[in-house]
Amino acid sequence: MPLTVVLVGTRKGCFILESDADRRDWKMRGPYCEGWPIYHAVHDADSGAIYAAAASEWHGAGVWRSTDLGETWELSSEGLAYDDGGQKLSKVSGLTVAHGRILAGAENAGIFESRDGAKTWSLLSTLDGMPGRENWNDPKNQPPGHLGLPAILPHPDDASHFWAVVQGVGIFETTDDGASWTPRNKGLRADWPLEDPEVGYCVHKLVMSPLDTQRLYQQNHVGMHRSDDGGNQWVEITEGLPTEFGFAAATHPHDKETFYVIPLDPGHGRVMPDGRASVWRTRDAGSTWQRLDDGLPQRDAHLGVLREGMAIDALDVPGLYFGTSTGQVFASANEGESWTEIASYLPPIASVEVAVIP
């Protein structure tokens, strides 16, 4: 029977939750990675390895790797440095595994790649030439968290084609492996002045339908959006949701019209509205929305979920998972219809990813 593995990146290490395909009973292992803050942990289906992006105020940044589902780990930061002085980074904020390599998004808006299982790294691109690029690293222009480039979305059929999210700036697309880039933010809005209409948008999470590479969704600082042409144009689909703000999002593996988000209070609290936990689902690409809260706490549940905090598996009846900034992990084995808490009292959670291993 397949093994369902949920990887949980926290402020104090990586945890692993395991169940069978029924996803009823869960066992937890960890913490791993020597208690380093883990911003994003992912599983490579081809090699079976786990990679975890780490950042330490004392030791800088690196990527942990395990080739035996977490039993043993190695850390490497070799090559995780920019040319100006060769200083290593202090933060790698997002990882993507695709087409036989690992891509890492880092602060100061850079993309690094590894082709040897995260043992060594080389700088692939810093998106030079994009509008306003010379100002991205100015501290007064950096959004909270200083994530830089927190997400890379690969095209499933073309290794040289992918999208990058720069925190507080927007989405950029390359079709030549980072040699050139195009902003992809048309149709988005901003509640602040823009010096250039091509950039300056705060994209929190970008996802693609596994069934249609032209169908993209995003959770934005100001609204949920859909694209039907690979990100060239965006339309807003916020109407019907309790707020326009949130971080996490997921697409259904078998239905391109189905999309999940977790709206949050857009104020300083950035928690679920009214202390009632819920996930919201659309089955018609954003025309209408349904609140999913069966089994979730509905009183005094002031829960936050970060941009990599929700994941969905690809089983016949997909399971959904999300982790909170107060250390709970919730799971649904029936597409969000009902939920159970499968882990509690963890350190603050930065990321949740799921893998189904035959």
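Nothing here was measured: the structure is a model prediction, and the numbers come from that model.

Undergrad: Break down the pattern of salt bridges for me, citing the residues and quoting the values.
TA: Taken as a whole and assessed by the stated rule, the structure comprises 22 salt bridges. With its nearest N and O atoms 2.7 Å apart, the salt bridge here joins lysine 205 to glutamate 308. Of the two residues, lysine 205 is situated in strand β16 (residues 203–209) and glutamate 308 in the loop between β23 (290–292) and β24 (310–312); the sequence distance between them amounts to 103 residues. Per residue, the accessibility class of lysine 205 equals that of glutamate 308, and both read buried. Linking glutamate 257 and arginine 215 is a salt bridge whose minimum nitrogen-to-oxygen distance equals 3.3 Å. Within this pair, whereas glutamate 257 is found in the loop between β20 (245–251) and β21 (259–264), its partner arginine 215 is found in strand β17 (residues 212–220), the two being separated by 42 residues in sequence. Glutamate 257 sits in the partly exposed class, given a relative accessible area of 25%. Assessed through its relative accessible area of 7%, arginine 215 is described here as buried. Residues joined by salt bridges that share partners form a network here, namely Arg101, Glu113, Arg115 and Asp177.

Undergrad: Can you tell me about the packing of aromatic side chains, naming the residues and giving the values?
TA: A full pass over the atoms with the stated rule returns eleven aromatic pairs. Geometrically, the ring pair formed by tryptophan 26 and tyrosine 321 is edge-to-face, given 5.9 Å between the ring centres and 80° between the ring planes. Taken together, the residues span a long stretch of sequence, with tryptophan 26 in the loop between β2 (13–20) and β3 (27–32) and tyrosine 321 in strand β25 (residues 320–323) at a distance of 295 residues. Among the residues examined, tryptophan 26 registers a relative accessible area of 16% and is labelled buried.

Undergrad: Give me the environment of leucine 320: which residues, what numbers.
TA: You can see leucine 320 is positioned in strand β25. Taking the C-alpha atoms as reference, leucine 320 lies 6.2 Å from glycine 336; in sequence the two are 16 residues apart. Not counting the four nearest positions on each side in its chain, leucine 320 is found in contact with Ala250, Tyr260, Met310, Ala311, Ile312, Phe330, Ala331, Ser332, Glu335, Gly336 and Trp339.

Undergrad: An account of the environment of leucine 3 is requested, with residue identities and associated values reported.
TA: Residue placement: leucine 3 occurs in strand β1 (residues 3–10). Residue leucine 3 is classed as partly exposed on the basis of its relative accessible area, which comes to 27%. A C-alpha to C-alpha distance of 23 Å links leucine 3 and isoleucine 38, two positions 35 residues apart in sequence. For leucine 3, the contacting residues outside a window of four places in its chain are Glu18, Ser19, Leu69, Ala355, Val356 and Ile357.

Undergrad: Can you tell me about the pairing of strand β12 (residues 151–155), naming the residues and giving the values?
TA: A large share of β12 lies buried, amounting to four of its five residues. Taken together, the five bridges between β12 and strand β13 (residues 158–166) define a ladder with antiparallel strand orientation. Directly across from histidine 155, in β13, lies its bridge partner aspartate 158. Hairpin connection, β12 to β13: the antiparallel pair is bridged by two residues.

Undergrad: Which residues make up the sheet that holds strand β10 (residues 110–114), and what values go with them?
TA: Overall, antiparallel pairing links the four strands, which are arranged β8-β9-β10-β11 in an open sheet. Strand pairing shows two members of the sheet lacking a second neighbour, β8 (92–98) and β11 (122–125), which therefore form its edges. Each adjacent strand pair in this sheet contributes to an overall mean axis angle of 30°, direction not counted. By the bridge criterion, three bridges tie β10 to β11 in an arrangement that is antiparallel. Considered in β11, the bridge of glutamate 113 is made with serine 122.

Undergrad: Break down the nonpolar core for me, citing the residues and quoting the values.
TA: Residues Ile262, Met272, Met310, Phe322 and Trp339 are the most contacted members of the largest nonpolar core, which totals 21 residues. Going through the elements one at a time, β20, β21, β24 and β25 are the ones with two or more residues in this core. If you look at the next biggest cluster of nonpolar residues, it comprises 17 residues, including Val42, Ala49, Val63 and Ala106.

Undergrad: Could you give me a rundown of the sheet that holds strand β15 (residues 182–183), with the residues and numbers involved?
TA: On the basis of which strands lie adjacent, the open sheet formed by four strands has the order β12-β13-β14-β15 and antiparallel pairing. The open sheet has two edge strands with one neighbour each: β12 and β15.

Undergrad: Any details on the state of the cysteines? Residues and values, ideally.
TA: A full pass over the atoms with the stated rule returns zero disulfides. This cysteine, cysteine 14, is not joined by any disulfide, and cysteine 33 carries the nearest cysteine sulfur, 5.1 Å off. On the basis of relative accessible area, cysteine 14 is assigned to the buried category, the value being 0%.

Undergrad: Now, about unusual backbone geometry: what can you tell me, with residues and values included?
TA: The omega torsion of the bond from glycine 30 to proline 31 falls at 5°, within 30 degrees of zero and hence cis. Within the fold, proline 31 resides in strand β3. A positive phi angle, near 55°, is found at leucine 69, a position not held by glycine. In this fold, leucine 69 is placed in the loop between β6 (60–66) and β7 (74–76). Of the residues examined, leucine 69 reaches a relative accessible area of 23% and is grouped as partly exposed. Despite not being glycine, alanine 109 shows a phi value in the positive range, around 55°. Within the secondary structure, alanine 109 sits in the loop between β9 (101–106) and β10.

The rules behind these values
Residues numbered from 1 in each chain as written. Predicted model: local features only at pLDDT ≥ 70, side-chain atom pairs only at ≥ 80, totals over all residues. Heavy atoms only, no water. Salt bridge = Lys/Arg side-chain N within 4 Å of Asp/Glu carboxyl O. Helix = DSSP H or I, 4+ residues; strand = E, 2+ residues; numbered from the N terminus. Buried < 20%, exposed > 50% of the residue type's maximum accessible area, 1.4 Å probe, protein only. Phe/Tyr/Trp six-rings, centres within 6.5 Å; stacked < 30°, edge-to-face > 60°. Contact = heavy atoms within 4.5 Å. Pairing = 2+ DSSP bridges. Axes fitted to C-alpha atoms, helices over the stretch in contact; angles between N-to-C directions. Core = buried A, V, L, I, M, F, W, Y, C linked by side-chain atoms within 4.5 Å. Disulfide = S-S within 2.5 Å.

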